[in-house]
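# Coordinates in review
The residues making up each chain are set out below.
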Amino acid sequence: MTSALTQHLLQRRTLFFGGKGGVGKTTVASAFALMSADRGDRTLLVSTDPAHSTSDILERELTGEPQQVVDNLWAMEIDPEHEVDAYIAEVKARIADSVPPRLAGEVERQIDIARISPGAEESALFDRFTRILEHEARDYDRVVFDTAPTGHTLRLLSLPETMTAWITGLISHRKKVNILGRMWRNVAGAGAGAGSHDDMDDPVLRVLNERKHRFEETRKLVTDAKRASFAFVVIPERLPILETGKAVRALDKYRIPVGGVFVNRVLPDHAEGEFLQRRREREAGYLDEIAATFATHPIQHVPLMEADVVGVKALRELGMVLGSGESGVGSEK
Ligand SMILES: Nc1ncnc2c1ncn2[C@@H]1O[C@H](COP(=O)(O)OP(=O)(O)O)[C@@H](O)[C@H]1O
Ligand SMILES: [Mg+2]
């Protein structure tokens, strides 16, 4: 009974829902998470939307820590701004421990500049994602991420690669500094350095290595097609189709597995009237375009509901459709 796309997703532990703003990511991700929970899988829904729409849709005040919503369903909302502040504070604290006091002021200034640079929010969010995947994932059968609009999410998911390269560079730089230090001590005599200074007990190098290891682990996880999958939500309109097509190609490039595409807000067959008939004709063109754009991925249609989808009852109704719904024209890989 279950559609190919839903079946595929229910066999994965880590799911990401993405798509252009307003297409129904939060709605579909929440309905999916609830369906997963109702089947008996302990499910954690994680939202990174600063607009708190998950709280609205679940009719519950969510926080940065998992909260139980119904049997087997927990939800949390990560605030990107707050994450950046916490991340920066942590980096400052760590650096304060390992940098000579005379340099501390300059280093702090550099970090404050980094705080407002593009990418700071992504690094902080990514750090949080990594921790959720490392620790919280152990307590759940499935973690469902309701991610921010496409551009943002893509940068986030491509970060393990960028970050690994970046950190590898920092590590080799740091090692060179250590080697120079050793050479200097050899030349100047044993008393010149502050005790032994092997790579092994260099705190900066240790932190960098830890981070590198974590990024690599996350990278392994998000690219493991048996464990993770990325589902897109799109609507039958021109711009969302274009943007999502680009996003899918980008994820393919980063070898992040794309599970398929939910086409949301499809006019239901029972909707009648001349106006709707004309809309349906326009829609048919876009549905063909979607089938062609995502031909190698499973596609599933989600009908436009009569009212906004709010509350557990409405989400369950939508979840039933996700579970058994008519699938689109797209074929499986
Ligand atoms: N299938 C649907 N039928 C009716 N309303 C929907 C449907 N999907 C989403 N909506 C409504 O559209 C609005 C935006 O959905 P939302 O999930 O918040 O989008 P996004 O997370 O992509 O920004 C919400 O008011 C939601 O209730
Ligand atoms: Mg949303």
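Because the structure is predicted, anything quoted here is derived from the model rather than measured. (Residues numbered from 1 in each chain as written. Chains lettered and ligands numbered in written order. Predicted model: local features only at pLDDT ≥ 70, side-chain atom pairs only at ≥ 80, totals over all residues. Heavy atoms only, no water.)

### So, the site of ligand 1
Our working definition: Only heavy atoms are used to decide nearness, and a residue is near a molecule or strand if one of them lies within 4 Å of it. Pairs of N or O atoms are called polar contacts if they sit within 3.5 Å, as long as, within protein, a hydrogen donor faces a hydrogen acceptor (for residues adjacent in sequence, only side-chain-to-side-chain pairs). Throughout, the Shrake-Rupley method with a 1.4 Å probe supplies accessible areas, and for residues the shown protein chains are the sole cover considered. As defined here, a cavity is a set of points on a 1 Å grid over the protein atoms alone where a 1.4 Å probe fits but cannot get out. A pocket is an open set with protein on both sides within 12 Å along at least five of seven lines, and residues line them when an atom is within 4 Å of a point. Placement in a cavity or pocket follows one criterion, namely that more than half of the molecule's atoms lie within 2 Å of its grid points. The secondary structure listing takes helices from DSSP runs of H or I that are at least 4 residues long and strands from runs of E that are at least 2 residues long, numbered from the N terminus.
Lining the immediate environment of ligand 1, one finds 16 residues, of which Gly 22, Lys 25, Thr 26, Thr 27 and Met 305 sit closest. Contact between ligand 1 and Val 23: an oxygen atom at 3.2 Å from a main-chain N or O atom of the residue. Within the backbone of Lys 25, an N or O atom sits 2.8 Å from an oxygen atom of ligand 1. Protein chains bury 83% of the 570 Å² of accessible surface belonging to ligand 1 in isolation. A molecule is said to occupy a pocket when more than half its atoms come within 2 Å of that pocket's grid points, and by this definition ligand 1 occupies the second largest pocket. Going through the elements one at a time, α2 (25-38) and β7 (258-266) are the ones with two or more residues in the shell around ligand 1. Broken down by element, the shell around ligand 1 gets its largest block of residues, three residues, from α2.

### Here's the deal with the environment of Glu 237
With respect to the helices, strands and loops of the structure, Glu 237 is situated in the loop between β6 (228-234) and α9 (238-253). Spatially, the C-alpha atom of Glu 237 lies 9.9 Å from that of Val 23, the residues being 214 residues apart in sequence.

### Topic: the confidence of the model for the protein
What counts is decided by this rule: Note: pLDDT gives the predictor's confidence per residue, expressed from 0 to 100. Only heavy atoms matter for contacts: two residues are in contact if any of them lie within 4.5 Å across the pair.
Summarising the model, the protein shows a mean pLDDT of 82, and 79% of its residues fall at 70 or more. Residue range residues 192-196 is modelled with pLDDT below 50. Its contacts to residues more than four positions away, or to other chains, number five contacts. Per-residue pLDDT stays below 50 along residues 327-333; that stretch engages in 17 contacts with residues further than four places along the chain or on separate chains.

### Side note on the nonpolar core
Under the convention used in this document: For the purposes of this section, nonpolar cores are sets of buried Ala, Val, Leu, Ile, Met, Phe, Trp, Tyr and Cys residues that join through side-chain atoms within 4.5 Å. Burial classes: relative accessible area under 20% of the type maximum marks a residue as buried, over 50% as exposed, and values in between as partly exposed (1.4 Å probe, protein chains only).
Ranked by internal contacts, the top residues of the largest apolar core, which has 34 residues, are Leu 44, Val 46, Ile 132, Phe 145, Phe 232 and Ile 290. What Leu 44 contacts, discounting residues up to four positions off in sequence, is Pro 66, Trp 74, Ala 75, Met 76, Ile 132, Glu 136, Tyr 140, Arg 142, Val 143 and Val 144. Within the second largest apolar cluster, 31 residues are counted, among which are Ala 37, Ile 57, Ala 231 and Val 233.

### A look at the packing of α9 against helix α10 (residues 274-293)
Here is the rule: Every axis corresponds to a line fitted to the C-alpha atoms, with the helix fit spanning only the stretch in contact, and the corresponding angles, defined between N-to-C directions, vary from 0 to 180 degrees. For classification purposes, an angle smaller than 35 degrees is called roughly parallel, one larger than 145 roughly antiparallel, one from 65 to 115 roughly perpendicular, and anything else oblique. Gly counts as polar in this scheme, as do all residues outside two lists: the nonpolar Ala, Val, Leu, Ile, Met, Phe, Trp, Tyr, Cys and Pro, and the charged Asp, Glu, Lys and Arg.
One can describe the packing of α9 onto α10 by two numbers: an axis separation of 11 Å at closest approach and a directional angle of 5 degrees. What the angle tells us is that α9 and α10 run roughly parallel. Counting all contacts with α9, which are made through Arg 238, Ile 241 and Gly 245, the residues of α10 involved are Tyr 286, Glu 289, Ile 290 and Thr 293. Residue composition of the contact of α9 with α10, by class: three nonpolar, two polar and two charged.

### Some thoughts on empty space enclosed by the protein
Filter applied, for reference: Grid points are joined across faces, edges and corners, and a volume is the space filled by probe spheres set on the points.
Applying the stated rule across the entire model yields one cavity of 30 Å³ or more. The volume enclosed by the largest cavity comes to roughly 30 Å³. As for the largest cavity, its lining consists of Arg 94, Val 207, Glu 210, Arg 211 and Arg 214. For the lining of the largest cavity, the element with the highest residue contribution is helix α8 (residues 203-222), accounting for four residues. Of the residues that constitute the lining of the largest cavity, the class distribution is one nonpolar, no polar and four charged.

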